[in-house]
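Coordinates in review
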Amino acid sequence: MAEKVDIVIVGAGFAGLRALYTFRSMGYSTIVLERDEAIGGVWNFNRYPGARCDVESYDYSYRFSHELEQEWRWSERYATQPEILRYINHVADRFDLRRDIELSTLVSEARYDSETGRWRVQAQDGRAWDAQYVVLALGQLSTPKDTTYPGQERFEGEIIYSAKWPRDREIDFSGKRVAIIGTGSSGVQMTPVIAEQAAHLAVFQRTANYSIPAANAPVSDREDAEVKAHYRERREQARNSPSGLGFVPDSRSAREVPEEEREEAYERAWNRLGFGFALAFKDILLDEASNATASDFIRRKIAEQVEDPVLRDKLTPKGFPFGTRRPSVDSGYFRTFNRPNVELVDISETPIESFTPTGIRTSAAEYAFDIVIYATGFDAFTGSLLKPEIVGKDGVTLQDKWSAGPVSHLGIAVNGFPNLFIIVGPGSPSLLSNVLLSSEEQIDWLAEMFEHARANDIQEIEATADAEREWVAHVNERAKETLYLKTPSYYMGAEMPGKPRVFMPYSGGVRYYRRILEKTAAEGYSGFALRRVREKTAI
Ligand code: NAP
């Protein structure tokens, strides 16, 4: 027997909890199904040393409750993983969310019944739910890559994946020989912290990437009071910025600005903005010559931090424009390589051949390790969405539908899959934005659409095929205006062998995207077929 509810939400991370709060307070019976034994999504899994958010704490927090905004006190400009997990658990308690969350519940299948206009959602353990709407809040970076190298099973030390960090014990690095494979944000964040503890640390780098200093610091009482006194303005500024981070770019082209003035602007951005450096001028991510001014500046800054000339060269990113692969925001990453106990292994020159019982062998040398950490990233954007068997109209699965890459209307809904909605999915600003802000925008918009359906006795909401085609074309058009397509990256499926090469996020910006959502709603949800299931008539 399936339990009947109005809405099933899959995933108890930030988006899932916000969706639960909102839909439940509108009177919908709502349940959240979460595969893990605890809430928190990625923040529950990525517990590696040094893990923290690279969006400022005051922006990477919920806006839906003014009381919550005022009560919660962030301790640092960029919150650590434990603090973020405390926050999300506080929210769950503060708003009594846990009673509608089923933990340790892995959704294996969701199947649409066109006759009733309802979904049957099946968990792996046999339980089932019968829901009008299914909302997938599965995250974009929640399926880690299971990277392996030959001989791994013979390694006598410990192997740890950064996104499956052990929860039951502290990992003690003192006196240990440690390897980190991967130099994305995860590797970059953990390197300085582990270097301080380990006897020896080797960082295996395949591609050097750009990184901007976090300029992290404790939040003073004065700063806290200042933000809280103007929180509404801050939220509005974030909503009206391209990335949802509140930065509004200099409206000039980087090329138009005299060199001295440009350098000063970059220096200010370097010292304060972190991720926002990419928005120092309006066209850094749009124009190659403008980007080159930013890329050159960052390369010089990296070089200043690294003493050894050979290392300096290896750590300097080359051959792709800044920002076209997701840059990191770091706390002392490059300077860590000046330490005597830290070495860089350039595996683009000397690839890893295999593990040995005592460590790793590359084409040039053998290294001994006690602990090897994989920080090799995720099956981004679609990895988690394609895990359950999602069966829409006429028995078509989402895997079939997306076999050549994800398609959707607004990144929210898929033709052939009525009443199924995706939060911060491919085709929406997603990882090119502050994902928490983008989640809240989409959930508020969905809430209004559900209200519209309820008020008009509509039971089935489906993105039309035409709207889907137009949206995919629009996403691609906007991507072509940018430099993103110049570089293979997880933005376009290059992180997984065999994955379709499709540009995944919407690059038109948070503000522009919101205007499109608003226009769609104002037009009575244009691009969606709204139907009464009992009569099967379009409205
Ligand atoms: P990532 O950015 O995808 O980086 C993966 C790294 O592993 C890259 O250096 C990659 O090299 C390397 N790699 C992949 N497969 C490999 C293999 N088989 N052998 C050797 N090296 C391999 O992953 P991530 O660092 O986990 O970060 C993912 C994303 O999560 C970030 O971009 C960010 O959006 C998010 N994140 C955010 C935060 C934060 O908020 N502060 C923190 C961590 C992560 P190539 O570059 O050559 O492919």
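Let me begin by describing the structure that accompanies this report. (Residues numbered from 1 in each chain as written. Predicted model: local features only at pLDDT ≥ 70, side-chain atom pairs only at ≥ 80, totals over all residues. Heavy atoms only, no water.)

For the coordinates displayed, the defined rule picks out 47 aromatic pairs. Taking 6.1 Å as the distance between ring centres and 75° as the angle between the ring planes, the aromatic pair formed by W270 and F297 counts as edge-to-face. With W270 in helix α8 (residues 259-272) and F297 in helix α9 (residues 288-305), this residue pair connects regions lying 27 residues apart in the sequence. The same class applies to W270 as to F297, namely buried. Taking the ring centre of Y161 as reference, the NZ or CZ of K164 above it sits at 5.1 Å. (Phe/Tyr/Trp six-rings, centres within 6.5 Å; stacked < 30°, edge-to-face > 60°. Helix = DSSP H or I, 4+ residues; strand = E, 2+ residues; numbered from the N terminus. Buried < 20%, exposed > 50% of the residue type's maximum accessible area, 1.4 Å probe, protein only. Lys NZ or Arg CZ within 6 Å of the ring centre and 35° of its normal.)

Across the sheet, which stays open at both edges, the 5 strands sit in the order β7-β16-β8-β9-β12 with parallel pairing between neighbours. Sheet topology places β7 (158-161) and β12 (342-346) at the edges, where each strand pairs with a single neighbour. Here the average twist between neighbouring strands, direction ignored, is 20°. Relative to strand β9 (residues 200-205), strand β8 (residues 177-181) runs parallel, the two sharing 5 bridges. Note on β9: the bridge partner recorded for A179 is A202. Set on the sheet, helix α5 (residues 185-197) makes contact with β8, β9, β12 and β16 (371-374); between it and β8 the angle comes to about 170°. (Pairing = 2+ DSSP bridges. Axes fitted to C-alpha atoms, helices over the stretch in contact; angles between N-to-C directions. Contact = heavy atoms within 4.5 Å.)

For the rest of this paragraph, the subject is empty space enclosed by the protein. By the definition in use, this model includes 7 cavities of 30 Å³ or more. Lining the largest cavity we find T183, V188, Q205, A208, N209, Y210, S211, L315, S328, Y333 and F334. Considered class by class, the residues forming the lining of the largest cavity number 6 nonpolar, 5 polar and no charged. (1 Å grid on protein atoms, 1.4 Å probe; cavity = no way out; pocket = protein on both sides within 12 Å on 5 of 7 lines; lining within 4 Å. Points joined across faces, edges and corners; volume = space filled by probe spheres on them. Nonpolar A, V, L, I, M, F, W, Y, C, P; charged D, E, K, R; others polar.)

The quantities given are spatial measurements derived from coordinates; they are silent on function.
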